[in-house]
Amino acid sequence: MTMSSQQEDLKAHLMATDAEFAQLATQHARYKQQVAELEAKAELSSAEELREHELKKLKLRLKDEMTAILNRHAVPA
């Protein structure tokens, strides 16, 4: 089993068993969708540019939190 498939298996397990991880992943997906919607626009207003920047920061913070949870549950190689 490759490292990435092990990590994907662990993510799937945590989505089903760890409410905090599942909540973080769900929110991360929402932010990702919102960023994609903004990026799809031909031109952004100042407020939209600010929101895009804010969403990217929030998304990164959630990813860091999810990575910390993954690292706590990872099986040493």
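Heads up: the structure comes first, above all this text.
Below is a summary of the structure that appears in this document.

Rules of the game
- Residues numbered from 1 in each chain as written.
- Predicted model: local features only at pLDDT ≥ 70, side-chain atom pairs only at ≥ 80, totals over all residues.
- Heavy atoms only, no water.
- Helix = DSSP H or I, 4+ residues; strand = E, 2+ residues; numbered from the N terminus.
- Expected span 1.5 Å × (residues − 1).
- Buried < 20%, exposed > 50% of the residue type's maximum accessible area, 1.4 Å probe, protein only.
- Polar contact = N/O pair within 3.5 Å; in protein donor to acceptor, adjacent residues only side chain to side chain.
- Salt bridge = Lys/Arg side-chain N within 4 Å of Asp/Glu carboxyl O.

What follows deals with helix α2 (residues 19-39). Over its 21 residues, α2 runs 30 Å from end to end, which matches the ideal 30 Å to within 8%, given 1.5 Å per residue. Residues of α2 that are buried: Phe 21, Ala 22, Leu 24, Ala 25, His 28, Tyr 31, Val 35 and Leu 38. If you check the start of α2, you find a side-chain oxygen 3.0 Å away from the backbone N of Glu 20, and it comes from Asp 18.

Okay, the pattern of salt bridges next. Counted under the stated rule, the structure contains five salt bridges. The salt bridge partner of Arg 51 is Glu 54, with a shortest N-O separation of 2.6 Å. Residue Arg 51 and its partner Glu 54 are located together in helix α3 (residues 46-73), separated by three residues, close to a single helical turn. Taking relative accessible area as the criterion, Arg 51 reaches 32% and is therefore assigned partly exposed. Here Glu 52 makes a salt bridge to Lys 56, at a shortest N to O gap of 3.6 Å. Placement of the pair is Glu 52 and Lys 56 together in helix α3, with a separation of four residues, close to one helical turn. Relative accessible area serves as the criterion here: at 14%, Glu 52 is assigned to the buried category. Through salt bridges with shared partners, a single network forms among Glu 39, Glu 52 and Lys 56.

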